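The lines below spell out each chain.
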Amino acid sequence: MRPPLPRPSTTRVMVVANQKGGVGKTTSTVNVAAALAQLGQRVLVIDLDPQGNASTALSVEHHQGTPGTYEVLVEGAALDDVLVPSPEVPGLDVVPATIDLAGAEIELVSVVARESRLQKALAADPRVGETGSGEDRWDYVLVDCPPSLGLLTINALVAGAEVLIPIQAEYYALEGLGQLLKTVEMVQAHLNPTISVSTILITMYDARTRLAAGVAEEVKAHFGDQVLRTHIPRSVRVSEAPSYGQTVMTYDPGSPGALSYLQAAQEIVRHGTFGVPAVKGTEA
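Residues numbered from 1 in each chain as written. Predicted model: local features only at pLDDT ≥ 70, side-chain atom pairs only at ≥ 80, totals over all residues. Heavy atoms only, no water.

**Quick look at helix H8 (residues 177-190)**
Phase 1: Taking 1.5 Å of rise per residue, the 14 residues of H8 would be expected to cover 20 Å, and the 20 Å separating its terminal C-alpha atoms lies within 8% of that figure.
Phase 2: Turning to H8, the residues buried within the fold contact helix H7 (151-159), strand S6 (162-168), strand S7 (196-203) and helix H9 (210-223). (Helix = DSSP H or I, 4+ residues; strand = E, 2+ residues; numbered from the N terminus. Expected span 1.5 Å × (residues − 1). Contact = heavy atoms within 4.5 Å.)

Structure follows, in structure tokens:
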């Protein structure tokens, strides 16, 4: 265990989203979550991606028929009925995703208030709340979204207060972000006025190239203080870890990737909620 950091005064629900694939979204979700748990925080990861990659990395069963986010969204199941403690990381709980979730958007079409099913489930759980909710209270809820802006991602944005956007340090890094930011703005205007983009995390950073430094500067120019100072380097160990059912935080805790995710988690804890308007950087 790392030296613990102070717990937040209320549960921080962070939506990890980017409709562009291959940016390190799921990798960042599970490693930030594991790092937060190692820093003494109680964490819940909600896997909203039908591929279930976050569930794989956290060593949680997610074969077809396993209770998980599908049951929460479609059948109204309580979080307590479907969550599983991570066997690798103490203090980290997981709501797994199965392939059943792929049909959830169609099944929810006729459901009343279909955009707020996840919000309802979180609001009903006593472990989500302010200081005084008990020792079991979750300090952070991280929602891993699919690489799309459909109903699953909308459910996450309605349920959350903060958006964490991973951006890879590569050409076209900002391409397509405008649509995500407009979606956040739309949700903010009509469904969840408290949602805002609080954190930008630069991933796949190669310090040896001029391109990576240039992309980082461009992202910083667009988003300012929302960008974490810590950049996640390209790392074979980070890529290998899920094949062993682990995050890099337990697979190789001393590797550059693990140490970078630990520093990023420390920044997230210390920064608190920025409350920056989601429309900032729409011109990207």
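Once the structure has been displayed, the description carries forward.
**Looking at the sheet that holds strand S1 (residues 12-16)**
What links the strands of a sheet is backbone hydrogen bonding, and the strands pair in either a parallel or an antiparallel sense.
Phase 1: Spatial ordering of the open sheet is given by S3-S4-S2-S5-S1-S6-S7, a layout of seven strands whose pairing is mixed. The open sheet is flanked by strand S3 (84-85) and S7, the only strands paired with a single partner.
Phase 2: In this structure, strand S2 (residues 43-47) lies alongside strand S4 (residues 92-95), joined through four bridges in parallel fashion. Note that in S4 the partner of Leu44 across the bridge is Asp93.
Phase 3: Along the sheet, H8 contacts S6 and S7; its crossing angle with S6, the most-contacted strand, is approximately 180 degrees.
Phase 4: Against the sheet, H9 touches S6 and S7, its axis set at about 175 degrees to S7. (Pairing = 2+ DSSP bridges. Axes fitted to C-alpha atoms, helices over the stretch in contact; angles between N-to-C directions.)

**A few points about the pattern of salt bridges**
Phase 1: Scanning the entire structure with this criterion turns up eleven salt bridges.
Phase 2: Here Asp125 and Arg127 are joined by a salt bridge, their closest N and O atoms 3.0 Å apart.
Phase 3: Using a relative accessible area of 6% as the deciding quantity, one classes Asp125 as buried.
Phase 4: The exposure class assigned to Arg127 is buried, which follows from its relative accessible area of 17%.
Phase 5: For Arg234, the salt bridge goes to Glu170, with nearest N and O atoms at 2.0 Å. Note that Arg234 is positioned in the loop between H9 and helix H10 (236-240) and Glu170 in the loop between S6 and H8, a separation of 64 residues in sequence.
Phase 6: Salt bridges sharing common partners tie together Arg7, Arg137 and Asp139. (Salt bridge = Lys/Arg side-chain N within 4 Å of Asp/Glu carboxyl O. Buried < 20%, exposed > 50% of the residue type's maximum accessible area, 1.4 Å probe, protein only.)

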